[in-house]
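A closer look at the structure
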Amino acid sequence: MHHDDTEHDSDILGMLAELPRTAPLDAGETDRMVGRLRDDGFFRARSRASRWAIQAAAAAAIFTVGAFAGSRYARRNSLEEMLSRQHLTVADRVLLLQRAGSAYVRAAQSYADATAHVDSSAVEVASRVLLGAAHAVARSGLDAGLSARLTTAMQPAVAPETPSRKPVIWF
Amino acid sequence: MTPPLLPFELPDGALIRLFLDGDERAFRMLYERHTPRLKMTLERLLGARRQDVDDLVQDTWLAGCRGLRGYRGDAKFSTWLTAIGVRTTLNHLTRGGDRETEVLDELPAPLTSSPASMIDLERALAALPTRQRIVVVLHDVEGFTHEEIGEHLGVAEGTSKATLSRARHALRLALNEGVSNAS
């Protein structure tokens with residue numbers, strides 16, 4: 001440790017090495033220190049159990065807020081919510097149309113699966129619903145002949161040939 | 001109900017964790033384990049102003065406890081605490097100006113039967129100029145390197161070495177003077 005020890009200093013170093021290294025504590029010294037730390041805010045830590053309870057409550061609160069925010073977001077983007085909104089951009093309306101169409105396909109597929117063995121009229125029902133939708137669109141008078149084309153396009157689906165495969169109705 | 005005693009052999013790391021969890025007994029154990037050494041070191045650094053040592057020990061522990069969450073255990077806890085104590089003491093000495101020898105008389109008188117006794121040495125140390133005393137105490141008593149001392153004092157290693165050499169010379173003169181007076 002003492003790299004620069006010299007013969008010359010060995011007497012001084014010997015004496016310094018023999019100096020006592022500790023001083024006794026005064027009576028009450030530890031108590032005074034504890035009191036000072038207490039004034040500074042120490043020793044007020046909560047017990048492990050209460051800390052665990054607080055952490056659990058915080059986790060539950062975070063989960064609840066997250067779930068609420070998630071459901072709000074999901075509801076805001078639901079078909080019904082979007083349909084009820086008046087101010088949608090053209091892009092949003094295209095998206096809405098696509099989503100409604102996809103929803104229709106999924107619903108028809110689901111109906112067909114559920115009735116495959118007990119109700120052979122699944123395709124008929126799906127087609128009627130789609131045709132009804134096309135007529136409703138026509139009544140609302142879409143521009144550029146879209147409604148008329150939609151109705152025409154739907155006609156063959158009303159009375160299909162003998163279906164050779166699973167009755168999936170694509171929108 | 002009195003809380004159960006902690007086993008005395010608990011290592012510093014375990015006591016520190018308990019203390020940070022609010023365990024007062026753990027702090028008491030740490031304090032009583034490390035304060036005697038810290039107190040003696042600071043007392044020597046203070047020299048003639050050793051009456052301030054109790055305040056400085058408290059300031060050191062307070063600063064240490066406030067920064068304890070940052071203690072990573074890279075150095076021994078005692079070394080870490082001593083470094084805080086040295087810094088606190090140097091600040092204190094800097095703030096207090098030069099009141100070097102005003103309370104030297106509070107030190108015990110030298111023993112005539114043993115002129116170069118430990119008490120003579122303590123008195124000689126206390127009478128050294130502040131910078132020399134700090135260097136000799138940190139290097140020759142506490143085992144700090146010149147690099148560490150340089151960092152604490154804000155001086156180059158070479159300056160620390162030169163100061164140590166002057167301090168030892170001054171100590172020798174003071175002790176020889178004590179011997180001549182006694183004879």
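Here we summarise the structure given alongside this text.

Procedures and definitions
- Residues numbered from 1 in each chain as written.
- Chains lettered and ligands numbered in written order.
- Predicted model: local features only at pLDDT ≥ 70, side-chain atom pairs only at ≥ 80, totals over all residues.
- Heavy atoms only, no water.
- Helix = DSSP H or I, 4+ residues; strand = E, 2+ residues; numbered from the N terminus.
- Buried < 20%, exposed > 50% of the residue type's maximum accessible area, 1.4 Å probe, protein only.
- Areas by Shrake-Rupley, 256 points an atom, 1.4 Å probe, with all protein chains shown as cover.
- Salt bridge = Lys/Arg side-chain N within 4 Å of Asp/Glu carboxyl O.
- Phe/Tyr/Trp six-rings, centres within 6.5 Å; stacked < 30°, edge-to-face > 60°.
- Arc of directions from axis to C-beta.

Next up on the list: the overall build of chain B. Regarding its fold elements, chain B presents eight helices and zero strands. Going from N to C terminus, chain B has its helices and strands arranged as α-α-α-α-α-α-α-α. For chain B, the proportion of its 183 residues judged to be buried stands at 49%. As presented, chain B carries roughly 9,000 Å² of accessible surface, and 53% of it is formed by carbon and sulfur atoms.

What follows deals with the pattern of salt bridges. Scanning the model with the defined rule gives 18 salt bridges over all chains in all. Between A:Asp26 and B:Lys39 there is a salt bridge; the shortest N-O distance is 3.5 Å. Here B:Lys39 lies in helix H2 (residues 24-46) and A:Asp26 lies in the loop between helix H1 (10-17) and helix H2 (29-39), a pairing that spans two chains. A salt bridge links A:Asp40 to B:Arg66; its shortest N-O distance comes to 2.7 Å. With A:Asp40 in the loop between H2 and helix H3 (48-76) and B:Arg66 in helix H3 (residues 53-66), the pair connects residues from two separate chains.

A complete count under the given rule lists 11 aromatic pairs over all chains for this structure. Here the aromatic rings of B:Phe27 and B:Tyr31 are separated by 5.8 Å at their centres, their planes lie at 40°, and the arrangement is tilted. With B:Phe27 and B:Tyr31 both in helix H2 and four residues apart, this pair spans about one turn of that helix. Neither residue differs from the other here; B:Phe27 and B:Tyr31 are each classed as buried. Ring geometry for B:Tyr31 against B:Trp61: centres 5.3 Å apart, planes inclined by 45°, an arrangement best described as tilted. Separated by 30 residues along the polypeptide, B:Tyr31 in helix H2 and B:Trp61 in helix H3 bring together distant segments of the chain. Relative accessible area serves as the criterion here: at 1%, B:Trp61 is assigned to the buried category. Among the aromatic residues, those joined into a cluster by ring pairs are A:Phe42, A:Phe43, B:Phe19, B:Phe27, B:Tyr31, B:Trp61, B:Tyr71, B:Phe77 and B:Trp80.

This part is about H1(A). Because the α-helix completes a turn every 3.6 residues, residues three or four places apart line up on one side. Turning to H1(A), its buried residues number three or more, namely A:Ile12, A:Leu13, A:Met15 and A:Leu16. Buried residues of H1(A) fall within an arc of 160° about the axis and therefore sit on the same side.

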